[in-house]
Amino acid sequence: MKNRCPCGLGTSLTACCGRYLQGEVAPTAQALMRSRYTAYAERNEAYLLATWHASKRPPSLALDDGSKWLGVSVKAHQALSDTEATVAFVARYRDASGKGHRLEEVSRFVLEEGRWYYVSARHA
């Protein structure tokens, strides 16, 4: 499929995470995590910052234009309460030199005023 969403769900970018990057609210922590992965793959700094919780949000990001995101796999999603959840995943990418990397983490998300936000992560 042409223009497949980088998040790996097998649908088009427009039908999948693209709608969140265009302003639709991600309905779950997992949907937000997948859309943030897509934002990294698409180098969409504005979306990444907008979905980062204000208490932890950096002033800017230094997205490496030489990296190529290769795929993401969600390992677990856990609702800790009605307003807090974690998503465990593995993301693969290749840096500008061609070296492959595997990023495995458990990300924490909170729901505030009807929107999920990324708060923090611990590397697995």
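Scroll up a little and you will see the structure.
Residues numbered from 1 in each chain as written. Predicted model: local features only at pLDDT ≥ 70, side-chain atom pairs only at ≥ 80, totals over all residues. Heavy atoms only, no water.

### Regarding the packing of aromatic side chains
Going through the model one piece at a time under the given rule, you end up with 5 aromatic pairs. With a centroid separation of 5.8 Å and an interplanar angle of 50 degrees, the aromatic rings of Tyr40 and Trp69 are classed as tilted. Of the two residues, Tyr40 is situated in helix α2 (residues 29–42) and Trp69 in strand β1 (residues 68–79); the sequence distance between them amounts to 29 residues. Plain terms: the ring middles of Trp69 and Tyr93 are 4.7 Å apart, the flat faces sit at 40 degrees to each other, and that makes the pair tilted. On the criterion of sequence distance, the pair formed by Trp69 in strand β1 and Tyr93 in strand β2 (residues 84–94) is long-range, its members being 24 residues apart. One aromatic cluster is present, formed by Tyr37, Tyr40, Trp69 and Tyr93 through successive ring pairs. Above the face of the Trp52 ring, Arg36 is positioned so that its terminal group lies 4.9 Å from the ring centre. (Phe/Tyr/Trp six-rings, centres within 6.5 Å; stacked < 30°, edge-to-face > 60°. Helix = DSSP H or I, 4+ residues; strand = E, 2+ residues; numbered from the N terminus. Lys NZ or Arg CZ within 6 Å of the ring centre and 35° of its normal.)

### Points about the nonpolar core
Judged by nonpolar contacts, the single largest core of 26 residues is most densely connected at Cys17, Ala29, Leu32, Tyr47, Phe109 and Trp116. Mapped onto this core, the elements with two or more residues apiece are α1 (18–21), α2, α3 (45–50), β2 and β4 (115–123). Top element by residues in this core is α2. It accounts for 6 residues. Setting aside its immediate chain neighbours within four residues, Cys17 contacts Cys5, Cys7, Arg34, Ser35 and Thr38. (Core = buried A, V, L, I, M, F, W, Y, C linked by side-chain atoms within 4.5 Å. Buried < 20%, exposed > 50% of the residue type's maximum accessible area, 1.4 Å probe, protein only. Contact = heavy atoms within 4.5 Å.)

### Thoughts on the side chain of Arg36
Looking at where Arg36 falls in the secondary structure, it is placed in helix α2. There is no salt bridge for the buried Arg36, and the closest opposite charge comes from Glu105, which lies 7.4 Å off by N-O distance. If sequence neighbours within four positions are ignored, Arg36 has contacts with Tyr47, Leu48, Thr51, Trp52, Phe109 and Tyr118. (Lys, Arg positive; Asp, Glu negative; His and termini not counted. Salt bridge = Lys/Arg side-chain N within 4 Å of Asp/Glu carboxyl O.)

These figures capture arrangement, not role.
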